[in-house]
Amino acid sequence: MQRYVVPLQCRRCGSERAHAVVYLGTIIARVTCSECGEVVAPRPDVLLERYLRDFELRLADKPGKMLRHARTRPVDFLFHYLPLGLIRKPGEILREWTVLVGASSPGPARTPGCAERRPAGVPGTAPRRS
Ligand SMILES: [Zn+2]
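Residues numbered from 1 in each chain as written. Predicted model: local features only at pLDDT ≥ 70, side-chain atom pairs only at ≥ 80, totals over all residues. Heavy atoms only, no water.

Caption draft 1: Looking closely at the packing of aromatic side chains. As enumerated under the stated definition, the model contains two aromatic pairs in all. Judged by centre distance (5.7 Å) and plane angle (85°), the rings of Y4 and Y23 are edge-to-face. In this pair, Y4 is assigned in strand 1 (residues 2–9) and Y23 in strand 2 (residues 16–24), connecting sequence segments 19 residues apart. A residue is classified by how much of its surface remains accessible, and Y23, at 24% relative accessible area, is partly exposed. (Phe/Tyr/Trp six-rings, centres within 6.5 Å; stacked < 30°, edge-to-face > 60°. Helix = DSSP H or I, 4+ residues; strand = E, 2+ residues; numbered from the N terminus. Buried < 20%, exposed > 50% of the residue type's maximum accessible area, 1.4 Å probe, protein only.)

Quick look at the structure:
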């Protein structure tokens, strides 16, 4: 799960505001205006369908990615990529599934402990907490 803060036009505020954009893999799960709290998200069934399709593609791509990494940087692969990949990925997938479960239950979805990251080169303001 990735969380970015980017300036977007809010349909409720009517002007550009900082928005928290939550990705599950390459799928946008939720966009929240930091000013008014307006949430834009796909329907839970649509989100689940998109997520599962993306998840399949990520799994299918994995062996190729790992082989390329092992071939180009074998030492780095052995000591860093492989152990970290094995340890980190299950947790990441578990966090993504937590967001999916939250999206399909009533009330605002919660994402405890997610790291706020901003993509390089994208201007934005820090999110305000209400
Ligand atoms: Zn707003």
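Caption draft 2: Representation of the pairing of strand 2 in the model. Bridging between strand 1 and strand 2 involves eight bridges; their strand directions are antiparallel. Counterpart to L8 in the pairing with strand 2 is R17. With six bridges connecting them, strand 2 and strand 3 (residues 27–33) associate as antiparallel partners. Bridge pairing in strand 3 links H19 to C33. (Pairing = 2+ DSSP bridges.)

Caption draft 3: The coordination of the zinc ion, seen in detail. Taken together, the protein ligands of the zinc ion are C10 (SG), C13 (SG), C33 (SG) and C36 (SG), with distances of 2.2 to 2.4 Å. Coordination geometry of the zinc ion: the four donor atoms subtend angles of 106 to 116° at the metal centre, consistent with an arrangement described as tetrahedral. Sequence spacing among the residues donating to the zinc ion works out to C-x2-C-x19-C-x2-C. Relative accessible area serves as the criterion here: at 3%, C33 is assigned to the buried category. (Donors = N, O, S within 2.8 Å, 3.2 Å for Na, K, Ca; no water. Tetrahedral: all angles 85-135°; square planar, octahedral: opposite > 155°, others 65-115°.)

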